[in-house]
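# Structural description and commentary
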Amino acid sequence: EDFVREVQMCLKAGIDGVAGPQTLGKTVTVSKVKNRKHYVVLPLQKYLKSLGLYTGTFDGVAGTLFDSAVRSYQVAVLKMQKSDGEITARARMWKSLLKIE
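Residues numbered from 1 in each chain as written. Predicted model: local features only at pLDDT ≥ 70, side-chain atom pairs only at ≥ 80, totals over all residues. Heavy atoms only, no water.

### Some thoughts on the nonpolar core
Selection criterion: For this analysis, a nonpolar core means a set of buried residues of the types Ala, Val, Leu, Ile, Met, Phe, Trp, Tyr and Cys, connected via side-chain atoms within 4.5 Å. Three exposure classes are used, based on accessible area relative to the maximum for each residue type with a 1.4 Å probe and protein chains only: buried under 20%, partly exposed in between, and exposed over 50%. Where helices and strands are cited, they refer to DSSP runs of H or I of at least four residues and of E of at least two residues respectively, numbered from the N terminus. The contact definition used throughout considers only heavy atoms, calling two residues in contact when any of these lie within 4.5 Å.
Core analysis: the biggest nonpolar cluster contains 27 residues, and Val-40, Leu-44, Phe-66, Trp-94 and Leu-97 have the highest contact counts within it. The set of elements that each furnish at least two residues to this core consists of helix 1 (2-11), helix 3 (41-50), helix 4 (64-76) and helix 5 (92-97). A per-element tally of this core places helix 1 first, with five residues. Excluding residues that lie within four positions of it along the chain, Trp-94 makes contacts with Val-7, Leu-24, Thr-27, Val-28, Val-40, Leu-44, Ile-87, Thr-88 and Ala-89.

### Thoughts on unusual backbone geometry
For residues besides glycine, phi is generally negative; the peptide bonds are generally trans as well. The residue Lys-12 is not glycine, and still its phi comes out positive at about 60 degrees. In this structure, Arg-90 takes a positive phi of about 60 degrees despite not being glycine. Examined against the element boundaries, Arg-90 turns out to sit in the loop between helix 4 and helix 5. The exposure class assigned to Arg-90 is partly exposed, which follows from its relative accessible area of 48%.

### Some thoughts on the environment of Lys-82
Along the chain, Lys-82 turns up in the loop between helix 4 and helix 5. Judged by its relative accessible area of 72%, Lys-82 is exposed. Along the backbone, Lys-82 and Arg-71 are eleven residues apart, and their C-alpha atoms lie at a distance of 8.7 Å.

None of this, on its own, says anything about what the molecule does.
See the structure below:
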């Protein structure tokens, strides 16, 4: 999948389009206050847009619209009771986005 390859490239993981332990191990926490300008924000914006959750421009900055999209994903897809707008390194949301379960 293109999303996985883009993430792998941004994280300097082996680029093979198949997410596994190496890719997950290199993930970083991303939110509007943590790593908000990390290279991986851009593919995340594109992916969340493809799901109809992100409505902003692809600027590579995790701002208010990015936060809203992440929270929507957490509620709709992960069924979290309390969303926090953070994609935590090596945690549940990354696993879901990368389809590692």
